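Fold and contact review
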Amino acid sequence: MTYRELSTPSRTIMTPGPVEVDPRVLRAMGTPILGQFDPAFTTIMDRVMQMLRKVFQTKNDWAFPVDGTSRSGVEALLCSIIEPGDKVLIPIYGRFGHLLLEICERYGADVHTMECPWGEVFSPSDIIQEMKKISPKITAIVHGETSTGQMQSLEEIGRACREQDILFIVDAVASIGGTPVRADEWYLDGVVGGTQKCLSVPSGMAPITYNNRIEKVIAARKKVEKGIETEADRRQTGRRPFIKSNYFDISMLQDYWGPRRLNHHTEATTMLYALHEGLRIVLEEGLEERFLRHKRHEQALISGIKAMGLSIFGNEASKLPTVTCVLIPPGVDGESVRKMLLNEFGIEIASSFGPLQGKIWRIGTMGYSCRKENILFALAALEAVLIRHHVPVKIGKALQAAMDEYEAQEKEALVN
């Protein structure tokens with residue numbers, strides 16, 4: 001039996017991840033393979049670390065990708081600092097707060113949670129009060145919750161964590177590269193990003209950064225694999241119980257990414273090329289300009305959605321700029337709409353999870369997918385599909401509202 005050469009359909013991807021990969025990243029992935037310890041390759045590794053520091057807005061020594069999807073970075077950070085019985089506070093306002101809970105429980109943490117309704121975020125003072133009450137070793141939270149389209153403010157919580165000597169771990173998978181993530185300014189001890197969202201790189205790596213407060217905890221649990229350890233390594237084994245995961249042991253990943261280049265795994269060469277190019281493109285555009293671009297297209301999309309007669313889900317004051325959640329009109333089969341968008345227009349938008357399943361659509365405006373032509377195409381297609389589903393939309397209003405928004409933005413840019 002023979003198989004045909006791989007051929008995938010052309011899509012306009014407007015989900016909260018994955019998103020369309022920048023063509024320059026795809027070209028970089030065709031770069032010839034190098035050995036993982038070839039000086040030409042380790043130079044690329046060093047440049048990736050330098051660029052990640054700039055994107056995370058940090059001076060941390062450590063900023064590198066964990067090979068695996070975004071949750072691999074989350075698990076690596078958490079499992080490397082959690083010992084059984086450690087108190088962890090997790091404020092949950094959507095699906096991925098529950099993921100933090102899941103991971104922490106699996107590593108034996110004494111997890112304390114607080115929850116608010118999906119579509120809202122926490123008052124920082126409420127989280128700070130809870131931290132004072134339970135005195136956790138770690139507070140872990142999601143910055144941008146893609147399941148609800150909400151974004152939690154962090155700086156006040158981070159400052160309180162530092163004052164109370166609590167380690168602050170942040171999932172910034174949906175926000176890094178699309179909206180500010182200021183690791184140092186906001187007192188974030190450990191941060192996890194994602195490649196497949198605002199960085200417009202395929203899924204498969206989880207960029208992380210962490211400071212010396214985290215490094216001290218990891219150093220106390222350090223262990224080198226027996227097959228490659230030296231006598232000096234045996235003498236320097238950490239005083240605390242070693243990290244239970246081998247693959248996600250950050251103390252070993254440090255030795256791999258640091259000057260020692262101690263073998264831990266075979267680096268995902270092509271993915272590192274992709275990340276290198278993705279980060280280069282982010283910095284070439286400029287962080288502030290990139291954040292402004294995401295905000296401008298979000299505003300155009302919201303203007304069109306509302307003009308069509310649809311409603312935005314969640315608290316708009318705390319909205320995540322890279323994900324817009326739209327309430328599905330009463331009596332409408334949301335999955336039927338998504339299917340028609342995909343089959344007739346090649347556009348993919350997302351549904352949601354848990355209590356929001358079947359109640360909202362989620363439209364991502366991330367990275368390379370966050371472009372004017374995509375916004376206008378998605379609005380036009382959604383209007384057409386809703387008409388076919390007999391939804392009484394305001395015909396023709398969505399595109400005009402979005403175009404008015406773009407025109408106003410252009411005029412403002414000329415004035416400034």
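Residues numbered from 1 in each chain as written. Predicted model: local features only at pLDDT ≥ 70, side-chain atom pairs only at ≥ 80, totals over all residues. Heavy atoms only, no water.

1. Here we look at the sheet that holds strand 9 (residues 190-192)
- Strands sit in the order 2-10-9-8-5-3-4 across an open sheet of seven strands; the sheet is mixed. A single partner strand is all that each edge strand has here, and the edge strands are strand 2 (62-67) and strand 4 (110-115). Along the sheet, successive strands turn relative to each other by an average axial angle of 20 degrees, direction set aside.
- For strand 3 (residues 87-92) and strand 5 (residues 138-142), the ladder comprises two bridges, and the chain directions are parallel. For valine 88, the partnering residue across the bridge sits in strand 5 and is isoleucine 138.
- Contacts between helix 2 (residues 39-56) and the sheet are confined to strand 2, strand 9 and strand 10 (205-210), with strand 2 contributing the most and set at about 105 degrees to the helix. (Pairing = 2+ DSSP bridges. Helix = DSSP H or I, 4+ residues; strand = E, 2+ residues; numbered from the N terminus. Axes fitted to C-alpha atoms, helices over the stretch in contact; angles between N-to-C directions. Contact = heavy atoms within 4.5 Å.)

2. Comments concerning the packing of aromatic side chains
- Counted according to the given criterion, the structure contains 10 aromatic pairs.
- Taking 6.3 Å as the distance between ring centres and 90 degrees as the angle between the ring planes, the aromatic pair formed by tyrosine 93 and phenylalanine 122 counts as edge-to-face. Here phenylalanine 122 lies in the loop between strand 4 and helix 5 (124-134) and tyrosine 93 lies in the loop between strand 3 and helix 4 (95-106), a separation of 29 residues in the sequence. In terms of burial, tyrosine 93 and phenylalanine 122 fall into one category: buried.
- Among the aromatic residues, ring-to-ring pairing joins Phe37, Trp62, Phe64, Tyr210, Tyr256 and Trp257 into one connected group. (Phe/Tyr/Trp six-rings, centres within 6.5 Å; stacked < 30°, edge-to-face > 60°. Buried < 20%, exposed > 50% of the residue type's maximum accessible area, 1.4 Å probe, protein only.)

3. Let's talk about the pattern of salt bridges
- Counted under the stated rule, the structure contains 28 salt bridges.
- A salt bridge links glutamate 410 to lysine 372; its shortest N-O distance comes to 3.7 Å. Within this pair, whereas glutamate 410 is found in helix 14 (residues 397-415), its partner lysine 372 is found in helix 13 (residues 372-388), the two being separated by 38 residues in sequence.
- Residue glutamate 410 is classed as partly exposed on the basis of its relative accessible area, which comes to 46%.
- Where salt bridges share partners, they join Asp22, Arg24, Glu277, Arg280 and Glu284 into one cluster. (Salt bridge = Lys/Arg side-chain N within 4 Å of Asp/Glu carboxyl O.)

4. Re helix 11 (residues 287-308)
- With 22 residues, helix 11 extends 32 Å from end C-alpha to end C-alpha; this agrees with the ideal 32 Å at 1.5 Å per step.
- One or two positions beyond helix 11, positive phi appears at glycine 309, with a value near 105 degrees. (Expected span 1.5 Å × (residues − 1).)

5. Considering the side chain of threonine 209
- Structurally, threonine 209 is set in strand 10.
- Exposure remark for threonine 209: the relative accessible area of 0% places this residue in the buried category.
- For threonine 209, the side chain forms a polar contact with the side chain of asparagine 60, separated by 3.0 Å.
- Apart from residues no more than four positions distant in its own chain, threonine 209 is found in contact with Phe56, Thr58, Asn60, Trp62, Ala63, Leu77, Asp189, Gly190 and Val191. (Polar contact = N/O pair within 3.5 Å; in protein donor to acceptor, adjacent residues only side chain to side chain.)

6. Some words on the packing of helix 3 (residues 70-81) against helix 4
- Viewed as axis vectors pointing N to C, helix 3 and helix 4 meet at an angle of 45 degrees, and their least axial separation amounts to 10 Å. Comparing their axes, helix 4 and helix 3 come out oblique. Crossing hand, helix 3 versus helix 4: right-handed. Seen from helix 3, the contacting residues are Arg71, Val74, Glu75 and Leu78; seen from helix 4, they are Arg95, Leu99, Leu100, Ile103 and Cys104.
- Here the residues of the contact of helix 3 with helix 4 sort into six nonpolar, no polar and three charged. (Parallel < 35°, antiparallel > 145°, perpendicular 65-115°, else oblique. Left-handed = near helix turned anticlockwise from the far one by under 90°. Nonpolar A, V, L, I, M, F, W, Y, C, P; charged D, E, K, R; others polar.)

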